[in-house]
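Report on the structure
Single-letter residue listing:
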Amino acid sequence: MAGDYVSPFDERVRQAESLAPRPVSLAGLRVTLLDIRKNRGAEFLDRIETLLQAAGATTARTGKEIFSKPAALSLIDQTTAVADAVVEALAD
Amino acid sequence: MTADELAAPELDVAGIAPEPVTIAGLTRGGCALLLFVSQECPTSALALRNLGPLCAGWQAAGLSCTAVFEDPLEIALRVARVSGWTGTVVSQPAPYQASQDYGLQSVPTAFLVDSAGRILRRVTGWDQPAMAELIETAAGRGAADLARPEARHPLRKPGCQSKAALDPEIAAAMAAASDTDELEEMFERGWTDGLPVIPPTTERVEAMLGRGFDGDASLGEVPPAMGEATLGRVAVCAVLAGCRPEYFPVVVAAARAALDPAFNLHGQAVTTQPAGQLIVVSGPVRHAIGLNSGMGALGPGNRANLTIGRALRLLVELTGGGMPGALDRSTLGHMGKVGFCVAEDEEVSPWEPLHVERGFGADQSVVTLIGCDAPLSISDHRSRTPEDLAWTLAWAAASQWSTNWWPLREPSVFVICPEHAAMFREHGWTKQRLREFMFESVHKPAGELRRGETTPQVHAADPGDEVPKWASPESIVLLVAGGEAGRYSAVLGPCTGMGFQIVSREVESRWPATT
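Residues numbered from 1 in each chain as written. Chains lettered and ligands numbered in written order. Predicted model: local features only at pLDDT ≥ 70, side-chain atom pairs only at ≥ 80, totals over all residues. Heavy atoms only, no water.

A count of helical and extended segments in chain A gives two helices and three strands. Put simply, chain A runs from its N terminus to its C terminus through helices and strands in the order β-α-β-α-β. Scaling as 2.2 N^0.38, a compact globule of 92 residues should have a C-alpha radius of gyration of about 12 Å, whereas chain A reaches 18 Å, well beyond that. Looking at the 92 residues of chain A, the share that counts as buried comes to 30%. (Helix = DSSP H or I, 4+ residues; strand = E, 2+ residues; numbered from the N terminus. Rg over C-alpha atoms; globule rule 2.2 N^0.38 Å. Buried < 20%, exposed > 50% of the residue type's maximum accessible area, 1.4 Å probe, protein only.)

Below, the structure is given as structure tokens:
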């Protein structure tokens, strides 16, 4: 029976991306804070940014066009080119 | 655990690659991990989740990883994908010869096989310390750079009975039930939205596609999991939904519209909002395929309306992975997410239909997609002027999204019933006049809207500043549909925050083989 049906699924098997190594220290790290544009997300990032700077990290801010759409590839490329780590904030 | 030091039997299994799966092939680069599992077993799911993400690294270091399912291959692939298993997937049919050959009593059971084809270790059930030892053994056989499974709760969990170890009579009864009940098999495969579906046999799918069309042609990837919407898979979803083949061009047009990035299906598919996708069908195709735009136009009773809407939702849920409770995180959902397709009653409407308003010709058949919420019925049997009726309709929508969330930028869709439409026709109201009157009617001072959830615009305004419910008259979409008797119109709430545009696509009686 099994061979008689056509699957609605895309059965391609995708390789999972491995996690980047965890930074050993925040000191001197370039951290970009990504605002997804959810309500009050910037306030949360403000607090995180203060803590990161106190720990010796250099911070920068960027944002998505709108929270409900995936980040543009150009934004990802620009961000990864200048950052050692990224913090992305949800909110509401 | 001591080494079993037994010869590993050959695997009587099938995978997606045409080549046979052999122990020699699996151990070509060093050792091989075989993990016997089954779909129904929670401990199997635990093992797949815990080990699956590590497989990619293990395979790169020379330890091949293979999940051996006691299930059909389609089910095995889906379960593996959902579990994050990054190794190879193979399947064995009843009577589960591979499980019998390996002497399985329960699943999951893991085996470590070396390049000489000997079983070095065996782990039964989920046993993290034993799995860590198994990986340690593999590392000692040359694949040194192997991540160990994390020691997280639960460290141990008993497995489930292997299908190969079932009493033969019980196994036969289970197999017979599966073989004879196609509808139940669709549920087992996960090819459903929760309702029974029509099994997508090769014959039915080919009939849906029609002769000469390329089922491999792609319409694009379906969010959120970005499964590829080949015409063949769209046809499968149409079959599952119960469509007749003559509906298929409408389903394809709806799929094309949904996959336009401007529609932002990605956001709609994963949001905690109730958001569904309303399909509005305009033009001659409505009559050609028997869509209902009359009595009960938004409800049950008509195959074309119900199955076309359902086909698009199945495409999102199955091909796109947007299944409620999985990647679809909708807090409540609504019944329009089962399927939501309405046809305009252009013959009764006093106005140009939606597709003409959007630049198409009246003789074209067009599908228009709008992200929206469930309908709210608006009763008005007493208004005697178009002004009173328009005011009632507009204020019924004042609490949409949230009582004090003003203004709305995304569209509110008003479905005007024929008796209400007749009053606007009698008084010569155009669509634009009605839209502007409704827009002008609903506004409040900002000070009255500063309670609970509200907008930055309300906070920024002076308390006495009037704030409208809609950002512009264009946020009001007007359709005509419904039975000839009864003064009940409806408004469908907006899909706020999605930044989507309404998208229309012409229904093509013949569509190109490739895009």
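Now that the structure has been shown, we can carry on.
Let us now look at the domain arrangement of chain B. Accessible area lost on assembly of the parts is the figure often given for the size of an interface. Residue and element names in this part refer to chain B. Domains assigned within chain B are domain 1 (3-165) and domain 2 (183-506). In this structure, domain 1 and domain 2 have C-alpha centres spaced 46 Å apart. Taken together, the contact pairs four residues of domain 1 with four residues of domain 2. For the pair domain 1 and domain 2, the summed buried surface comes to about 360 Å²; carbon and sulfur atoms form 47% of the total. Summed over the three residues of domain 1 that lose the most area to domain 2, namely Glu 74, Ile 75 and Arg 78, the buried surface amounts to 79% of that side. In this assembly, domain 1 and domain 2 are joined by one salt bridge. Ionic pairing is found between Arg 189 and Glu 74, a salt bridge with its closest N-O pair at 3.5 Å. Here domain 1 is connected to domain 2 by three residue pairs in polar contact (both at pLDDT 80 or more). A class-by-class count of the residues in the side of domain 1 that touches domain 2 yields one nonpolar, one polar and two charged. (Domains from an automatic or database assignment. Contact = heavy atoms within 4.5 Å. Buried area = accessible area lost by both parts, 1.4 Å probe. Salt bridge = Lys/Arg side-chain N within 4 Å of Asp/Glu carboxyl O. Polar contact = N/O pair within 3.5 Å; in protein donor to acceptor, adjacent residues only side chain to side chain. Nonpolar A, V, L, I, M, F, W, Y, C, P; charged D, E, K, R; others polar.)

Between chain A and chain B, the contact holds 21 residues from the first and 36 residues from the second. Contact between chain A and chain B buries roughly 2,500 Å² in total, counting both sides, with carbon and sulfur atoms accounting for 56%. On the chain A side of the contact with chain B, A:Tyr5, A:Pro8 and A:Phe9 bury the most area, a combined 30% of that side's loss. One salt bridge in this structure joins A:Arg12 and B:Glu221, with 3.6 Å as the shortest N-O distance. Its residues assigned to classes, the side of chain A that touches chain B comprises eleven nonpolar, four polar and six charged.

All names here are of chain B. In total, this model carries 29 salt bridges over all chains according to the counting rule given. Of the charged contacts, one joins Glu 150 and Arg 152 as a salt bridge, the two residues approaching to 3.3 Å between their closest N and O atoms. Across the pair Asp 328 and Arg 313 runs a salt bridge whose closest N-O atoms are separated by 4.0 Å. Highlighted residues: Asp 328 in the loop between helix 13 (303-319) and strand 14 (341-343) and Arg 313 in helix 13, separated in sequence by 15 residues. Given a relative accessible area of 2%, Asp 328 falls into the buried group. Among the charged side chains, a salt-bridge network with shared partners connects Arg 313, Glu 317, Asp 328 and Lys 337.

On to the state of the cysteines, then. Residue and element names in this part refer to chain B. Scanning all chains against the criterion turns up one disulfide over all chains. Across the disulfide, Cys 41 is cross-linked to Cys 160 (sulfur-sulfur distance 2.1 Å). Torsion about the S-S bond of the Cys 41 and Cys 160 cystine: about 80°, corresponding to right-handed handedness. In this pair, Cys 41 sits in the loop between strand 2 (32-37) and helix 2 (42-60) while Cys 160 sits in strand 10 (residues 160-161), placing the two residues 119 residues apart along the sequence. (Disulfide = S-S within 2.5 Å.)

Residues and elements named next belong to chain B. Read from one edge to the other, the open sheet built from six strands follows the order 1-7-6-2-3-4, with strand pairing classed as mixed. Every interior strand has two partners, whereas the edge strands, strand 1 (6-7) and strand 4 (88-91), have only one. As judged from the five bridges shared by strand 2 and strand 6 (residues 109-113), these two strands associate in the antiparallel manner. Across the sheet, residue Phe 36 finds its bridge partner in strand 6, namely Thr 109. Each of strand 3 (64-69) and strand 4 is contacted by helix 3 (residues 73-83), which is oriented at about 150° to strand 4, the strand it contacts most. Helix 5 (residues 128-140) contacts strand 2, strand 6 and strand 7 (118-124) of the sheet and is inclined by roughly 160° relative to strand 7. (Pairing = 2+ DSSP bridges. Axes fitted to C-alpha atoms, helices over the stretch in contact; angles between N-to-C directions.)

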